[in-house]
Amino acid sequence: MLGPPGAGKGTQARLLAQRLGIPQISTGDILREAVRKGTPAGLEARGYMQRGLLVPDELVVRIVNERMAEPDAAKGFILDGFPRTYAQARALEESLAAKGQRLSMVIALDVDEETVVKRISGRLVCRQCGAMFHALYDPPRNDNLCDKCNGSLYQRDDDKEETVRRRLQQYREETRPLMDFYANKALLVRIDGTGAVEEVKERILKALETLDGQNDPA
Ligand code: AMP
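Residues numbered from 1 in each chain as written. Predicted model: local features only at pLDDT ≥ 70, side-chain atom pairs only at ≥ 80, totals over all residues. Heavy atoms only, no water.

**Student:** How should I be thinking about the pattern of salt bridges in this particular structure?
**Tutor:** All chains considered together, the criterion is met by 19 salt bridges. A salt bridge links aspartate 110 to arginine 190, with the shortest nitrogen-to-oxygen separation between them at 3.0 Å. Of this pair, aspartate 110 sits in strand 3 (residues 106–110) while arginine 190 is found in strand 7 (residues 188–192), placing the two residues 80 residues apart along the sequence. On the basis of relative accessibility, which here comes to 26%, the residue aspartate 110 falls in the partly exposed class. Note on arginine 190: relative accessible area 52%, which makes it exposed. Each of Arg123, Arg156, Asp158, Asp159 and Arg167 takes part in one network of salt bridges that share partners. (Salt bridge = Lys/Arg side-chain N within 4 Å of Asp/Glu carboxyl O. Helix = DSSP H or I, 4+ residues; strand = E, 2+ residues; numbered from the N terminus. Buried < 20%, exposed > 50% of the residue type's maximum accessible area, 1.4 Å probe, protein only.)

Below is the structure:
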């Protein structure tokens, strides 16, 4: 799942994972958990994340490889927020090839920057289950409590405006060029990421139908 911060990668990856019965592998979620627990990976990543910078490739590649090796990922998985650089994309190709696996599709969520900034500035995340809400567009039924599990909602540290701008710059410089990389491999499908969550989900499911017969995503 490719796209700028706030494009809806996490939201859509979560829905797709439920639908297809395969795990969502979100490097952002794994790193935030590592920071929270104070693991060595978390300590290394923390400063970069706080500043809105990409965490070094070596660290991210290692955590993704570890996660992809877990039994629940044997049937397939949805990568959310990875790869974000050429080096990561190449490392992913190598890891997949070594296991006889390959990417079935790269979904790029297209959302303009203005919309992304609006989405991120009101974003609320559940501390317990990771569900996402928006103060204006998708408010929780009870202030600051998750509709799904009643966990408390918070604003991510890196969702503050200045950090968001840095993350967008990193996206433009490091990650957006991957669109060409995957387009050249005929893997890229661009999806309009604007509109309601359900609408975007339907667009993605429609794109996935083209995989039927080639590579059963379920
Ligand atoms: P996300 O939740 O995907 O927006 O990621 C939050 C932060 O985690 C990013 O701003 C980066 O600092 C770090 N991060 C997540 N995924 C990666 C990645 N693939 N490469 C480098 N840094 C990452």
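**Student:** Quick question: what am I supposed to make of the nonpolar core here?
**Tutor:** Among soluble globular proteins, nonpolar side chains are generally buried collectively. Counting residues in each nonpolar core, the largest one holds 30 residues, and the members touching the most others are Leu79, Leu92, Leu103 and Tyr182. Listing elements by their share of this core, those giving two or more residues are helix 3 (40–51), helix 4 (57–68), helix 5 (86–98), strand 3 and helix 8 (178–184). Per-element accounting of this core gives the leading share, six residues, to helix 4. Setting aside its immediate chain neighbours within four residues, leucine 92 contacts Met68, Leu79, Phe82, Pro83, Leu103 and Tyr182. Among the nonpolar cores identified, the runner-up in size contains 23 residues, and Met1, Ala7, Val111 and Ala207 belong to it. (Core = buried A, V, L, I, M, F, W, Y, C linked by side-chain atoms within 4.5 Å. Contact = heavy atoms within 4.5 Å.)

**Student:** When you look at the environment of alanine 196 in this model, what are you seeing that I'm missing?
**Tutor:** With respect to the secondary-structure elements, alanine 196 resides in the loop between strand 7 and helix 9 (197–209). You can call alanine 196 partly exposed: its relative accessible area is 40%. Taking C-alpha positions, alanine 196 is 9.0 Å from tyrosine 137, a pair spaced 59 residues apart along the chain.

**Student:** Any chance you could explain helix 2 (residues 27–37) here in plain terms?
**Tutor:** Along an α-helix, residues three or four apart share an orientation, since each turn contains 3.6 residues. Turning to helix 2, its buried residues number three or more, namely Thr27, Gly28, Leu31 and Ala34. In a view along the axis of helix 2, the buried residues occupy a sector of 130 degrees, so they form one face of it. Across helix 2 from its buried face, at more than 90 degrees, point the exposed residues Arg36 and Lys37. The inward-facing, buried residues of helix 2 abut strand 1 (24–26), helix 3, helix 4 and strand 2 (78–80). Directly after helix 2, the chain includes glycine 38, whose backbone phi takes a positive value near 70 degrees. (Arc of directions from axis to C-beta.)

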